[in-house]
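As a plain string of letters, each chain reads:
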Amino acid sequence: MRIASLVSRIFLVCTPLALILVIAAVLGLFLGTTYQSIADVLSAIVTKGRVDSTLATIVWRIRMPRVVLAILTGASLSLGGLVLQALLRNPLAEPYILGISGGSAVGAIAGMLLGFSQLQGVAFFSFAGSMAALLLILAITSGGMVMKKDSLILAGVMVNAFCGSIIIFLISLTQDRRVLNILFWLMGDLSMSSQTQVMVLAVLLIPCTVIIFLFAQPMNLLLMGEEMAGNMGLNVRRTSLVLLMTSSLMVSLTVCCTGLLGFVGLVTPHLLRLLLGPDHRVLVPACIFGGGAYLVFCDLLARILPAQGEMPVGVITAMIGAPLFMFLLWRSKR
Amino acid sequence: MKQAVVVQDLNILYGKLPILRNVTFSVTEGEYFIIIGPNGSGKTTLVKVISGFLKPHSGSVEIMGRPLVAITRRSLAHAVALVPQSPPMDVPFTVAEVVLMGRSPHLGLLSLEGREDMEIAEQSMRFTNVSHLARSRLDQLSAGERQRVLIARAVCQRAGIIVLDEPTASLDVAHQLHIMDLMEKLRTEQGITVIMVSHDLNLAAMYAGRILLLNHGNIAGIGAARDVIQAGLLEATYGCSLLVDQNPFREVPRVTPAPGEFAQPDSLHRKVFLKQD
C-alpha cells in the first residue's frame, strides 16, 4: 500500500488547474465584443496602456479588472461552498442557496445608503448582513452542526426570498444611483468594478484563503463527526466559528463587488471532489484555481453569447448550477 | 501499577436529569476494563467524559495522573483514542485516509504527514487486518470492516488508552470475537489500556479484567467477572430473569437470559430506581 505524499498530490492537482486558469484568463483578455488580432492585444498589454489607444484602455481598464474580479470571486465563492458543505455536513450547502449572499447584499446596500462609499466600509455592513443571515438559518434549524438536509435548505430558501424582497424594497426607496441597479444585485455581474476596487478585494481576500487552507485538515476531521474530531484534538466549536466567520467574510466581500452570483460554490467543489476525492488539503487549493477558472469561463460566455450587449454572469452560473442542485437533491433522496 | 483513569465523585446532568451520580472508580494501566449496564444507564455518557467530549458538573477525572480539566485537547488526543458508537459513515474518504487521520494530533500547522506517519498508519491497518481495503471508500464497506477501520484509526493515534463504545454491537459472532481478541492483543503486546462499553455480558465476562456495572447512573457493581456477573445483581439491574453458570471454555461465569414471563424491563427498572432514591 502506498500513500502518495500530500505535497506532491497538491502540486499535481494544482498545476493543471493553474494552467486552465491561465488559459481562461488569456481568453478573457483577448475575447470581447470588439474583435482584435492577438498581436494588437499583446502590444496593448505590453505597453501597459501607456500608449493612448482605445484598445489599451479596453484591455487594461475594463477586461483586466474584470478577469481578475472573476478569478477572485470564483475562488472565494467556491471556497465558501466548500467550507459550508464540510461544516454543515450537507452537500447542498452553498452561500447563495443558504441566503448568506442575500444577507451580504442587503448589508451592502444598507451600507451604501448610509453613506459609505469605499469598499471597506460597505464590506463591514455586508459582513454583518451575511452573519445575520447565517445566524438566522442556524437559529431556524435549531443550531448545532448536525442538521436535517431538508430543513437547512428550506430555511435557506426562505432567508434568500426575504433578502431578495428587502433588496428590492431598499432600492425602490432610494434615488442613490450607486445602488439603483436592481439587476446587478439580484443577478450578479462582473462589469461594475474598477481597478482599485479589485485591488482592495484581492488584498482582503488573500489572508482569508490562507486561514481556510490552514483549516483544511480540521475540515476533514469534522466530516468524521464532532465526537471523533474532538478526540483527534480539534476544538470543534472554535474551528467552526473561525471557518464560518472567514467564509462569510469572503462571500460578503465578493458580493459587494459582484452582487448575487448563485451556485458557484456548488458547482466547483462538487466537480473537484468528484475528480480529486474528499481531502480538503487538496480541495482548498484546487477550489481557488478551479473556481477562478470556472467563473472566468462563465463570464466569457456571458460576454460572447448574447446577440447584442452582454448578460449578467449570474444567468450563466445559475443555468449551470441549478440543474446540478436538482441532481444532487434527487441523488440524496435515493 | 499506575492508574490510567481515575474518576472521583463524578456527576453529570442533562438539564436537571442526573445521568451519572457520584461515580467513583479507577482503571489501571494495561487493564481490559468493560462497562456494562442497561440502556440509558450512563455508559456512553461516561465514555464521553473520559474522551473529553463532556465536562463533568462535579467531581474529577484524571487521565494518566493529570486532571482532565488541565489537559489540552491535543495532549488528551495523545492519551485517549476513541472509537465512537455511531460516527457518520457516509463520508467518501478512503480507508487509508481515515486511518491516517489518526495522526493529526501529532501533526504540525499544515497537517502534512511524514514517512513515519505513513508507516504507523500502515502498521495500524495491518494490525486490524484492513490493509487490503486501503483504497476502498469508507461508505462502501461492511459493518465489520468499518469497525476494524475505525479501530485502526484509533490505534494509529498511538494513545495509551483506547476507549470503545459498543464496538461489537452490529457484528456477527465471529467478528465480535475478532474485535475482542484484537483489543486483548493490543493490551498484551503494546500495554494499552482498553476501556470498552458492551451490551454483551458473556463477551464481557470472557475478556474483561474487571467489569463496571452501571444502573441509572450509579455503580451497581465493579470487579472481576465472577463478582459482577451474578444472577441476583444482574436481575435487579436489568429487570429480567436469567441464569448464571460456568462458561465451558474459561473460568468465568456465563449468562443465559430466561425468555418470556419476567421480561418486563421498564416496570422492574422503575421499582429499582425508586428504591434507590
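Residues numbered from 1 in each chain as written. Chains lettered and ligands numbered in written order. Predicted model: local features only at pLDDT ≥ 70, side-chain atom pairs only at ≥ 80, totals over all residues.

Visitor: Explain the overall build of chain B to me, please; I cannot follow it from the model alone.
Guide: Broken down by element type, chain B carries ten helices and twelve strands. The C-alpha radius of gyration computed for chain B amounts to 19 Å, which stays within 12% of the reference 19 Å derived for 277 residues, consistent with globular compactness. Taken over the C-alpha atoms alone, chain B extends approximately 55 × 40 × 35 Å along its principal axes. Within chain B, the proportion of its 277 residues that are buried is 44%. (Helix = DSSP H or I, 4+ residues; strand = E, 2+ residues; numbered from the N terminus. Rg over C-alpha atoms; globule rule 2.2 N^0.38 Å. Buried ≥ 20, exposed ≤ 12 C-beta atoms within 10 Å, placed from the backbone.)

Visitor: Would you explain helix 8 (residues 195-214) of chain A in this entry?
Guide: Residue pairs three or four apart in sequence face the same way in an α-helix, which turns once every 3.6 residues. Residues and elements named next belong to chain A. Taking 1.5 Å per residue, 20 residues should reach 28 Å; helix 8 reaches 29 Å between its end C-alpha atoms and fits that length. Three or more residues of helix 8 are buried, namely V198, L201, L205, C208 and I212. Elements in contact with the buried residues of helix 8: helix 3 (54-87), helix 5 (119-140), helix 11 (236-258) and helix 13 (280-304). (Expected span 1.5 Å × (residues − 1). Contact = placed C-beta atoms within 7 Å.)

Visitor: Quick question: what am I supposed to make of the pairing of strand 12 (residues 253-257) of chain B here?
Guide: The two faces of the sheet receive side chains in turn, since in a regular strand these alternate between them. Residue and element names in this part refer to chain B. Looking at chain direction, strand 11 (residues 242-246) and strand 12 are connected through five bridges and run antiparallel. Bridged to D245 within strand 12 is R254. Between strand 11 and strand 12, which pair antiparallel one after the other, the connecting turn spans six residues. (Pairing = 2+ DSSP bridges.)

Visitor: What is the right way to read the interface of chain A and chain B from this model?
Guide: Between chain A and chain B, the contact holds 23 residues from the first and 28 residues from the second. Going through the elements one at a time, helix 1 (6-30), helix 9 (216-223) and helix 10 (226-231) of chain A are the ones with two or more residues in the side of chain A that touches chain B. Counted by class, the side of chain A that touches chain B contains twelve nonpolar, seven polar and four charged residues. (Nonpolar A, V, L, I, M, F, W, Y, C, P; charged D, E, K, R; others polar.)

Visitor: Can you walk me through unusual backbone geometry in this structure?
Guide: Excluding glycine, a negative phi dihedral is what most residues carry, and trans is how most peptide bonds are arranged. Residue and element names in this part refer to chain B. Positioned with a positive phi, D9 is a non-glycine residue whose angle comes to about 45°. Examined against the element boundaries, D9 turns out to sit in strand 1 (residues 3-14). With 12 C-beta atoms counted inside 10 Å, the residue D9 sits in the exposed group. Even without glycine at this site, M64 takes up a positive phi of about 50°. Examined against the element boundaries, M64 turns out to sit in the loop between strand 4 (58-63) and strand 5 (66-67). According to the C-beta neighbour criterion, M64 is buried, with 20 such atoms within 10 Å.

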